[in-house]
Amino acid sequence: MWTSVLLVFTVRISRTLNQTGIKWASQPDVSDWLVAPDNKLIFSVISFTSILIILASQVQRSRLIESFILAIGLTLVYHYRSATGSLTSPWQHHEVITDGLMEARLVYCCSLALVICSILTVCKTLFKAQGEDDSTPFSAYQKTLARALDTFLMGLLVLEALLLRTHNVVLLALFYGVTYHTYMPFFLHSNNPTWRLALLYYWLGQATYFALGNSNSLSTVDIAAGYIGMRAHDGLVALILMSLATYASPVLWLTALIKYQVKNATSYTTMYRACVTMVVPNALLLCVYCTLVYAQRYHLFVWSVFSPKLLYETMRALVMFCAYATVLIFASVIDKHGKISQSKKQ
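Computed from a predicted model, the values in this text were never measured in an experiment.

1. Brief notes about the packing of aromatic side chains
Phase 1: In total, this model carries four aromatic pairs according to the counting rule given.
Phase 2: Measuring from ring centre to ring centre gives 5.8 Å for Tyr 201 and Trp 253, while their planes differ by 65°; the resulting arrangement is edge-to-face. Taken together, the residues Tyr 201 in helix H8 (residues 194-211) and Trp 253 in helix H10 (residues 248-264) connect sequence positions 52 residues apart.
Phase 3: Relative accessible area serves as the criterion here: at 1%, Trp 253 is assigned to the buried category.
Phase 4: Look at Tyr 209 and Tyr 247: their rings are 6.0 Å apart centre to centre, the planes differ by 10°, and that puts the pair in the stacked class.

2. Thoughts on the layout of surface pockets
Phase 1: Considering only enclosed or pocket space, the largest pocket measures out at about 870 Å³ in volume.
Phase 2: As for the largest pocket, its lining consists of 30 residues, and the residues nearest its centre are Phe 152, Leu 156, Val 251, Ala 323 and Thr 326.
Phase 3: Of all the secondary structure elements, the ones that give two or more residues to the lining of the largest pocket are helix H5 (101-130), helix H6 (142-163), helix H9 (235-246), H10 and helix H12 (302-345).
Phase 4: With eight residues, H12 is the single largest residue contributor to the lining of the largest pocket.
Phase 5: Here the lining of the largest pocket is composed, by residue class, of 25 nonpolar, five polar and no charged.

3. Overview of empty space enclosed by the protein
Phase 1: All told, the structure shown has four cavities of 30 Å³ or more when counted by the stated rule.
Phase 2: Approximately 80 Å³ is the volume attributed to the largest cavity.
Phase 3: The wall of the largest cavity is formed by Leu 163, Leu 164, Arg 165, Asn 168, Leu 212, Asn 214, Thr 220, Asp 222, Ala 245 and Thr 246.
Phase 4: Its residues assigned to classes, the lining of the largest cavity shows four nonpolar, four polar and two charged.
Phase 5: Computed from the structure, the second largest cavity encloses a volume of approximately 60 Å³.
Phase 6: Taken together, Tyr 201, Tyr 202, Gly 205, Gln 206, Pro 250, Trp 253, Met 278, Asn 282, Arg 316, Met 320 and Tyr 324 form the lining of the second largest cavity.
Phase 7: Mapped onto the lining of the second largest cavity, the elements with two or more residues apiece are H8, H10, helix H11 (268-295) and H12.
Phase 8: The dominant element in the lining of the second largest cavity, judged by the number of residues it contributes, is H8, at four residues.
Phase 9: Its residues assigned to classes, the lining of the second largest cavity shows seven nonpolar, three polar and one charged.

4. Focus on the side chain of Arg 316
Phase 1: Positionally, Arg 316 belongs in helix H12.
Phase 2: With a relative accessible area of 3%, Arg 316 lands in the buried category.
Phase 3: Sequence-distant contacts of Arg 316, that is, excluding residues within four places in its chain, are made with Gln 206, Tyr 209, Tyr 247, Pro 250 and Asn 282.

5. Thoughts on the nonpolar core
Phase 1: Counting residues in each nonpolar core, the largest one holds 76 residues, and the members touching the most others are Leu 74, Leu 162 and Leu 172.
Phase 2: Of the residues forming this core, the biggest block, 12 residues, is contributed by H6.
Phase 3: Setting aside chain neighbours within four positions, we find Leu 162 in contact with Val 77, Tyr 80, Arg 81, Ala 104, Val 107, Tyr 108 and Ile 228.

6. Observations concerning the pattern of salt bridges
Phase 1: Tallied over the entire structure, the rule returns three salt bridges.
Phase 2: Lys 309 is the salt-bridge partner of Glu 313, the closest N and O atoms lying 2.7 Å from each other. Here Glu 313 and its partner Lys 309 are both found in helix H12, four residues apart, which amounts to about one turn of the helix. Pair check on accessibility: Glu 313 and Lys 309 agree, each one buried.
Phase 3: Overlapping salt bridges bring together Lys 309, Glu 313 and Arg 316 as one network.

7. Here we look at the environment of Leu 257
Phase 1: Mapping Leu 257 onto the fold places it in helix H10.
Phase 2: Taking the C-alpha atoms as reference points, Leu 257 and Thr 194, 63 residues apart in sequence, are found 10.0 Å from one another.
Phase 3: Ignoring anything within four residues of it in the chain, the contact list for Leu 257 reads Leu 197, Ala 198, Tyr 201, Ala 274 and Met 278.

8. Some details on H6
Since there are 3.6 residues in each turn of an α-helix, residues three or four apart along the chain are aligned in direction.
Phase 1: Under the 1.5 Å per step criterion, the end-to-end length of H6 is 31 Å for 22 residues, consistent within 8% with the ideal 32 Å.
Phase 2: Burial of H6 is extensive: 18 of the 22 residues sit out of reach of the surface.

9. Some points on the side chain of Arg 81
Phase 1: Mapped onto the elements of the fold, Arg 81 is located in helix H4 (residues 64-83).
Phase 2: Buried and unpaired, Arg 81 has no salt bridge, with Asp 222 as the nearest side chain of opposite charge at 7.2 Å.
Phase 3: Here Leu 162 takes part through its backbone oxygen, which lies 2.7 Å from a polar atom of the side chain of Arg 81.
Phase 4: Discounting residues that sit within four places of it in the chain, Arg 81 has contacts with Ser 86, Leu 87, Ala 161, Leu 162, Leu 163, Leu 164, Arg 165 and Thr 166.

10. As for the confidence of the model for the protein chain
Phase 1: When pLDDT is averaged across the protein chain, the result is 78; 79% of the residues are at 70 or more.
Phase 2: Note that residues 340-345 has pLDDT below 50 and, in this model, 10 contacts with residues that lie over four places away or in other chains.

11. Some thoughts on a nonpolar patch on the surface
Phase 1: A cluster of nonpolar side chains, Tyr 272, Val 276, Val 280, Leu 284, Val 288 and Leu 292, forms an exposed patch at the surface whose accessible area comes to about 520 Å².
Phase 2: Residue position: Val 276 is located in helix H11.

12. Re the environment of His 233
Phase 1: Summarising the element assignment, His 233 is placed in the loop between H8 and H9.
Phase 2: According to the relative accessible area criterion, His 233 is exposed, its value standing at 59%.
Phase 3: One polar contact links His 233 to Tyr 227, side chain to side chain, over a distance of 3.1 Å.

Reading the values: the criteria
Residues numbered from 1 in each chain as written. Predicted model: local features only at pLDDT ≥ 70, side-chain atom pairs only at ≥ 80, totals over all residues. Heavy atoms only, no water. Phe/Tyr/Trp six-rings, centres within 6.5 Å; stacked < 30°, edge-to-face > 60°. Helix = DSSP H or I, 4+ residues; strand = E, 2+ residues; numbered from the N terminus. Buried < 20%, exposed > 50% of the residue type's maximum accessible area, 1.4 Å probe, protein only. 1 Å grid on protein atoms, 1.4 Å probe; cavity = no way out; pocket = protein on both sides within 12 Å on 5 of 7 lines; lining within 4 Å. Points joined across faces, edges and corners; volume = space filled by probe spheres on them. Nonpolar A, V, L, I, M, F, W, Y, C, P; charged D, E, K, R; others polar. Contact = heavy atoms within 4.5 Å. Core = buried A, V, L, I, M, F, W, Y, C linked by side-chain atoms within 4.5 Å. Salt bridge = Lys/Arg side-chain N within 4 Å of Asp/Glu carboxyl O. Expected span 1.5 Å × (residues − 1). Lys, Arg positive; Asp, Glu negative; His and termini not counted. Polar contact = N/O pair within 3.5 Å; in protein donor to acceptor, adjacent residues only side chain to side chain. pLDDT = per-residue confidence, 0-100. Patch = residues over 30% accessible without salt bridge, like charges linked within 9 Å, V, L, I, M, F, W, Y side chains within 5 Å. Areas by Shrake-Rupley, 256 points an atom, 1.4 Å probe, with all protein chains shown as cover.

Here it is, written out as C-alpha coordinates:
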(Lines give C-alpha, C1' and ligand atoms only; values in the text may rest on other atoms or scores of the structure.)
Protein backbone atom coordinates (compact mmCIF):
# COMPACT_ATOMS: atom_id res chain seq x y z
CA MET A 1 0.00 0.00 0.00
CA TRP A 2 2.65 2.49 1.03
CA THR A 3 4.70 1.70 -2.08
CA SER A 4 1.77 2.69 -4.30
CA VAL A 5 1.38 5.92 -2.34
CA LEU A 6 5.09 6.58 -2.75
CA LEU A 7 4.85 6.00 -6.50
CA VAL A 8 1.89 8.37 -6.83
CA PHE A 9 3.73 10.97 -4.74
CA THR A 10 6.82 10.63 -6.95
CA VAL A 11 4.82 11.03 -10.14
CA ARG A 12 3.00 14.05 -8.73
CA ILE A 13 6.22 15.77 -7.66
CA SER A 14 7.80 15.06 -11.04
CA ARG A 15 4.74 16.45 -12.80
CA THR A 16 4.93 19.82 -11.04
CA LEU A 17 8.72 20.19 -11.11
CA ASN A 18 9.03 20.50 -14.90
CA GLN A 19 5.75 21.25 -16.65
CA THR A 20 6.11 21.01 -20.41
CA GLY A 21 3.74 21.64 -23.27
CA ILE A 22 1.63 24.59 -24.37
CA LYS A 23 -1.20 23.67 -22.02
CA TRP A 24 0.96 24.25 -18.93
CA ALA A 25 3.09 27.11 -20.28
CA SER A 26 1.23 29.74 -18.25
CA GLN A 27 1.57 27.88 -14.95
CA PRO A 28 4.67 28.32 -12.78
CA ASP A 29 6.89 25.32 -12.12
CA VAL A 30 8.26 24.26 -8.77
CA SER A 31 11.70 24.46 -10.36
CA ASP A 32 11.17 28.18 -11.02
CA TRP A 33 10.60 28.68 -7.31
CA LEU A 34 13.59 26.54 -6.35
CA VAL A 35 16.10 28.31 -8.58
CA ALA A 36 15.02 31.76 -7.38
CA PRO A 37 17.87 33.60 -5.60
CA ASP A 38 15.78 34.07 -2.46
CA ASN A 39 15.36 30.30 -2.07
CA LYS A 40 18.98 29.39 -2.66
CA LEU A 41 19.51 28.00 0.84
CA ILE A 42 16.38 25.81 0.66
CA PHE A 43 17.39 24.64 -2.78
CA SER A 44 20.86 23.76 -1.48
CA VAL A 45 19.43 21.70 1.37
CA ILE A 46 17.07 19.84 -0.98
CA SER A 47 19.87 19.15 -3.46
CA PHE A 48 22.20 17.95 -0.73
CA THR A 49 19.49 15.64 0.63
CA SER A 50 18.84 14.27 -2.86
CA ILE A 51 22.53 13.51 -3.32
CA LEU A 52 22.56 11.71 0.03
CA ILE A 53 19.56 9.61 -1.06
CA ILE A 54 21.33 8.61 -4.28
CA LEU A 55 24.46 7.74 -2.33
CA ALA A 56 22.59 5.74 0.33
CA SER A 57 20.62 3.77 -2.25
CA GLN A 58 23.78 2.62 -4.04
CA VAL A 59 26.34 2.21 -1.25
CA GLN A 60 24.71 -0.87 0.27
CA ARG A 61 25.08 -2.76 -3.03
CA SER A 62 28.70 -1.92 -3.81
CA ARG A 63 32.19 -2.51 -2.54
CA LEU A 64 34.13 -0.03 -0.43
CA ILE A 65 36.27 1.38 -3.24
CA GLU A 66 33.26 1.85 -5.50
CA SER A 67 31.29 3.52 -2.72
CA PHE A 68 34.22 5.83 -2.08
CA ILE A 69 34.45 6.84 -5.74
CA LEU A 70 30.69 7.39 -5.85
CA ALA A 71 30.81 9.56 -2.73
CA ILE A 72 33.69 11.61 -4.14
CA GLY A 73 31.90 12.03 -7.46
CA LEU A 74 28.63 13.19 -5.91
CA THR A 75 30.50 15.54 -3.57
CA LEU A 76 32.26 17.05 -6.56
CA VAL A 77 28.90 17.44 -8.30
CA TYR A 78 27.66 19.53 -5.38
CA HIS A 79 30.93 21.44 -5.31
CA TYR A 80 30.55 22.16 -9.03
CA ARG A 81 27.05 23.54 -8.48
CA SER A 82 28.28 25.74 -5.67
CA ALA A 83 31.27 26.91 -7.71
CA THR A 84 28.99 28.00 -10.55
CA GLY A 85 26.68 29.83 -8.15
CA SER A 86 23.66 27.52 -8.30
CA LEU A 87 23.94 26.28 -4.71
CA THR A 88 25.35 27.45 -1.42
CA SER A 89 28.47 25.72 -0.21
CA PRO A 90 29.01 25.27 3.56
CA TRP A 91 32.79 25.23 3.14
CA GLN A 92 32.97 28.55 1.28
CA HIS A 93 32.63 31.62 3.47
CA HIS A 94 32.88 34.00 0.53
CA GLU A 95 30.92 33.08 -2.57
CA VAL A 96 33.20 33.07 -5.60
CA ILE A 97 31.54 32.10 -8.88
CA THR A 98 33.80 30.25 -11.32
CA ASP A 99 33.30 28.06 -14.37
CA GLY A 100 33.75 24.89 -12.28
CA LEU A 101 36.06 23.43 -14.91
CA MET A 102 38.24 21.43 -12.54
CA GLU A 103 35.30 20.08 -10.53
CA ALA A 104 33.44 18.94 -13.65
CA ARG A 105 36.47 17.16 -15.06
CA LEU A 106 37.05 15.39 -11.77
CA VAL A 107 33.43 14.20 -11.88
CA TYR A 108 34.08 12.84 -15.37
CA CYS A 109 37.09 11.00 -13.99
CA CYS A 110 35.02 9.47 -11.18
CA SER A 111 32.32 8.37 -13.61
CA LEU A 112 34.90 6.92 -15.97
CA ALA A 113 36.60 5.10 -13.09
CA LEU A 114 33.33 3.43 -12.10
CA VAL A 115 32.62 2.40 -15.69
CA ILE A 116 36.14 0.99 -16.07
CA CYS A 117 35.74 -0.93 -12.79
CA SER A 118 32.55 -2.52 -14.08
CA ILE A 119 34.16 -3.46 -17.40
CA LEU A 120 37.19 -4.96 -15.67
CA THR A 121 34.91 -6.95 -13.35
CA VAL A 122 33.00 -8.37 -16.32
CA CYS A 123 36.18 -9.25 -18.20
CA LYS A 124 37.73 -10.86 -15.13
CA THR A 125 34.60 -12.92 -14.51
CA LEU A 126 34.34 -14.11 -18.10
CA PHE A 127 38.02 -15.04 -18.28
CA LYS A 128 37.73 -16.87 -14.98
CA ALA A 129 34.69 -18.78 -16.23
CA GLN A 130 36.52 -19.71 -19.42
CA GLY A 131 39.58 -20.92 -17.57
CA GLU A 132 37.78 -23.01 -14.98
CA ASP A 133 38.88 -26.64 -15.00
CA ASP A 134 36.16 -27.88 -12.68
CA SER A 135 32.46 -28.14 -13.23
CA THR A 136 31.53 -24.79 -11.69
CA PRO A 137 28.36 -23.57 -13.45
CA PHE A 138 28.29 -20.14 -14.94
CA SER A 139 25.34 -19.26 -12.71
CA ALA A 140 27.86 -18.94 -9.89
CA TYR A 141 29.13 -15.76 -11.54
CA GLN A 142 25.74 -14.10 -11.98
CA LYS A 143 26.06 -12.20 -8.71
CA THR A 144 29.43 -10.79 -9.76
CA LEU A 145 28.07 -9.68 -13.13
CA ALA A 146 25.07 -8.05 -11.46
CA ARG A 147 27.44 -6.18 -9.16
CA ALA A 148 29.42 -5.02 -12.20
CA LEU A 149 26.23 -3.64 -13.73
CA ASP A 150 25.49 -1.94 -10.41
CA THR A 151 28.88 -0.24 -10.67
CA PHE A 152 28.15 0.79 -14.25
CA LEU A 153 24.82 2.22 -13.10
CA MET A 154 26.63 4.18 -10.40
CA GLY A 155 28.92 5.68 -13.01
CA LEU A 156 25.92 6.75 -15.08
CA LEU A 157 24.24 8.28 -12.03
CA VAL A 158 27.32 10.36 -11.22
CA LEU A 159 27.51 11.55 -14.82
CA GLU A 160 23.82 12.38 -15.06
CA ALA A 161 23.86 14.21 -11.73
CA LEU A 162 26.41 16.52 -13.32
CA LEU A 163 24.84 16.88 -16.77
CA LEU A 164 21.21 17.33 -15.77
CA ARG A 165 19.85 20.68 -14.66
CA THR A 166 20.51 21.42 -11.01
CA HIS A 167 16.92 20.95 -9.82
CA ASN A 168 16.58 17.63 -11.67
CA VAL A 169 18.82 15.91 -9.15
CA VAL A 170 15.67 15.76 -7.01
CA LEU A 171 13.96 13.63 -9.66
CA LEU A 172 17.09 11.54 -10.02
CA ALA A 173 16.87 10.74 -6.31
CA LEU A 174 13.11 10.10 -6.40
CA PHE A 175 13.10 7.80 -9.41
CA TYR A 176 16.37 5.92 -9.02
CA GLY A 177 17.05 6.30 -5.33
CA VAL A 178 13.56 5.73 -3.94
CA THR A 179 11.13 4.32 -6.51
CA TYR A 180 13.52 1.77 -8.00
CA HIS A 181 14.52 0.33 -4.62
CA THR A 182 11.06 0.37 -3.01
CA TYR A 183 8.33 -0.11 -5.60
CA MET A 184 10.20 -2.19 -8.19
CA PRO A 185 11.08 -5.18 -5.94
CA PHE A 186 7.38 -5.85 -5.29
CA PHE A 187 6.68 -5.91 -9.02
CA LEU A 188 9.76 -7.91 -9.95
CA HIS A 189 9.04 -10.67 -7.44
CA SER A 190 5.54 -11.29 -8.78
CA ASN A 191 6.71 -13.68 -11.55
CA ASN A 192 5.87 -11.37 -14.42
CA PRO A 193 6.95 -12.43 -17.92
CA THR A 194 9.93 -10.83 -19.60
CA TRP A 195 7.93 -8.77 -22.07
CA ARG A 196 5.85 -7.22 -19.29
CA LEU A 197 8.94 -6.24 -17.30
CA ALA A 198 10.53 -4.77 -20.43
CA LEU A 199 7.42 -2.69 -21.14
CA LEU A 200 7.38 -1.51 -17.52
CA TYR A 201 10.98 -0.34 -17.74
CA TYR A 202 10.25 1.27 -21.11
CA TRP A 203 7.31 3.16 -19.60
CA LEU A 204 9.41 4.28 -16.64
CA GLY A 205 12.10 5.51 -19.01
CA GLN A 206 9.53 7.49 -20.99
CA ALA A 207 7.89 8.90 -17.85
CA THR A 208 11.22 9.99 -16.41
CA TYR A 209 12.24 11.43 -19.78
CA PHE A 210 9.32 13.87 -19.81
CA ALA A 211 9.50 14.45 -16.06
CA LEU A 212 13.04 15.79 -16.47
CA GLY A 213 11.68 18.60 -18.63
CA ASN A 214 12.17 17.14 -22.09
CA SER A 215 9.50 17.48 -24.75
CA ASN A 216 9.11 17.42 -28.52
CA SER A 217 10.37 20.98 -28.84
CA LEU A 218 13.99 21.85 -29.54
CA SER A 219 13.73 24.65 -26.97
CA THR A 220 13.86 22.07 -24.16
CA VAL A 221 17.25 20.72 -25.23
CA ASP A 222 19.78 21.69 -22.59
CA ILE A 223 22.62 22.97 -24.77
CA ALA A 224 24.62 24.00 -21.69
CA ALA A 225 25.02 20.33 -20.76
CA GLY A 226 27.23 19.85 -23.81
CA TYR A 227 29.79 22.35 -22.51
CA ILE A 228 30.13 21.33 -18.88
CA GLY A 229 33.81 20.89 -18.12
CA MET A 230 34.89 22.18 -21.53
CA ARG A 231 37.05 25.22 -22.13
CA ALA A 232 36.61 25.37 -25.91
CA HIS A 233 34.01 24.17 -28.39
CA ASP A 234 34.19 20.56 -29.51
CA GLY A 235 31.24 19.52 -31.62
CA LEU A 236 31.55 15.77 -31.11
CA VAL A 237 32.00 15.96 -27.33
CA ALA A 238 29.16 18.46 -27.02
CA LEU A 239 26.87 16.18 -29.05
CA ILE A 240 27.70 13.18 -26.86
CA LEU A 241 27.16 15.11 -23.62
CA MET A 242 23.86 16.61 -24.80
CA SER A 243 22.67 13.17 -25.91
CA LEU A 244 23.56 11.68 -22.53
CA ALA A 245 21.78 14.51 -20.73
CA THR A 246 18.68 14.31 -22.92
CA TYR A 247 18.28 10.53 -23.04
CA ALA A 248 19.57 9.81 -19.55
CA SER A 249 16.39 8.20 -18.27
CA PRO A 250 15.90 5.53 -21.00
CA VAL A 251 19.55 4.50 -20.73
CA LEU A 252 19.44 4.29 -16.93
CA TRP A 253 16.26 2.21 -16.87
CA LEU A 254 17.63 -0.06 -19.61
CA THR A 255 20.73 -0.64 -17.48
CA ALA A 256 18.52 -1.46 -14.50
CA LEU A 257 16.53 -3.94 -16.61
CA ILE A 258 19.66 -5.69 -17.85
CA LYS A 259 20.97 -5.93 -14.30
CA TYR A 260 17.76 -7.67 -13.26
CA GLN A 261 17.92 -10.02 -16.24
CA VAL A 262 21.56 -10.92 -15.55
CA LYS A 263 20.83 -11.55 -11.90
CA ASN A 264 17.86 -13.82 -12.53
CA ALA A 265 18.12 -15.29 -16.03
CA THR A 266 21.30 -14.90 -18.05
CA SER A 267 20.21 -16.93 -21.07
CA TYR A 268 20.57 -15.23 -24.40
CA THR A 269 16.92 -15.88 -25.24
CA THR A 270 15.60 -14.03 -22.20
CA MET A 271 17.71 -10.94 -22.79
CA TYR A 272 16.94 -11.10 -26.50
CA ARG A 273 13.23 -11.00 -25.74
CA ALA A 274 13.69 -8.08 -23.37
CA CYS A 275 15.60 -6.06 -25.98
CA VAL A 276 13.14 -6.92 -28.75
CA THR A 277 10.24 -5.88 -26.54
CA MET A 278 11.87 -2.49 -25.96
CA VAL A 279 12.98 -2.11 -29.59
CA VAL A 280 9.49 -2.65 -31.02
CA PRO A 281 7.88 0.50 -29.49
CA ASN A 282 10.86 2.64 -30.56
CA ALA A 283 10.93 1.27 -34.09
CA LEU A 284 7.15 1.37 -34.48
CA LEU A 285 6.95 4.95 -33.25
CA LEU A 286 9.73 6.03 -35.60
CA CYS A 287 8.16 4.31 -38.61
CA VAL A 288 4.71 5.75 -37.94
CA TYR A 289 6.06 9.24 -37.47
CA CYS A 290 8.18 9.05 -40.62
CA THR A 291 5.02 8.15 -42.50
CA LEU A 292 3.14 11.08 -40.95
CA VAL A 293 5.92 13.54 -41.73
CA TYR A 294 6.03 12.35 -45.32
CA ALA A 295 2.26 12.73 -45.60
CA GLN A 296 2.45 16.24 -44.09
CA ARG A 297 5.53 17.35 -46.01
CA TYR A 298 3.62 20.27 -47.56
CA HIS A 299 2.09 21.35 -44.27
CA LEU A 300 2.65 24.93 -43.16
CA PHE A 301 4.21 23.88 -39.83
CA VAL A 302 6.27 20.96 -41.09
CA TRP A 303 9.55 22.57 -39.98
CA SER A 304 8.34 23.99 -36.68
CA VAL A 305 6.17 21.13 -35.40
CA PHE A 306 6.78 17.86 -37.23
CA SER A 307 10.52 18.06 -37.93
CA PRO A 308 11.65 18.62 -34.30
CA LYS A 309 9.63 15.60 -33.20
CA LEU A 310 11.16 13.50 -35.97
CA LEU A 311 14.63 14.69 -34.96
CA TYR A 312 13.95 13.69 -31.34
CA GLU A 313 12.71 10.25 -32.31
CA THR A 314 15.59 9.64 -34.72
CA MET A 315 18.18 10.60 -32.12
CA ARG A 316 16.43 8.52 -29.48
CA ALA A 317 16.39 5.51 -31.81
CA LEU A 318 20.10 5.96 -32.55
CA VAL A 319 21.06 6.19 -28.88
CA MET A 320 18.84 3.33 -27.75
CA PHE A 321 19.72 1.02 -30.65
CA CYS A 322 23.40 1.45 -29.77
CA ALA A 323 22.53 0.52 -26.20
CA TYR A 324 20.51 -2.49 -27.36
CA ALA A 325 23.37 -3.66 -29.58
CA THR A 326 25.76 -3.44 -26.64
CA VAL A 327 23.37 -5.45 -24.49
CA LEU A 328 22.94 -8.16 -27.12
CA ILE A 329 26.71 -8.47 -27.58
CA PHE A 330 27.06 -8.75 -23.82
CA ALA A 331 24.29 -11.37 -23.73
CA SER A 332 25.87 -13.41 -26.51
CA VAL A 333 29.18 -13.47 -24.63
CA ILE A 334 27.37 -14.61 -21.48
CA ASP A 335 25.57 -17.32 -23.42
CA LYS A 336 28.81 -18.49 -25.02
CA HIS A 337 30.62 -18.82 -21.71
CA GLY A 338 27.56 -20.38 -20.13
CA LYS A 339 27.61 -23.12 -22.74
CA ILE A 340 31.33 -23.61 -22.17
CA SER A 341 30.73 -24.13 -18.45
CA GLN A 342 27.86 -26.51 -19.10
CA SER A 343 29.99 -28.58 -21.48
CA LYS A 344 32.72 -28.79 -18.85
CA LYS A 345 30.20 -29.92 -16.30
CA GLN A 346 29.02 -32.70 -18.58
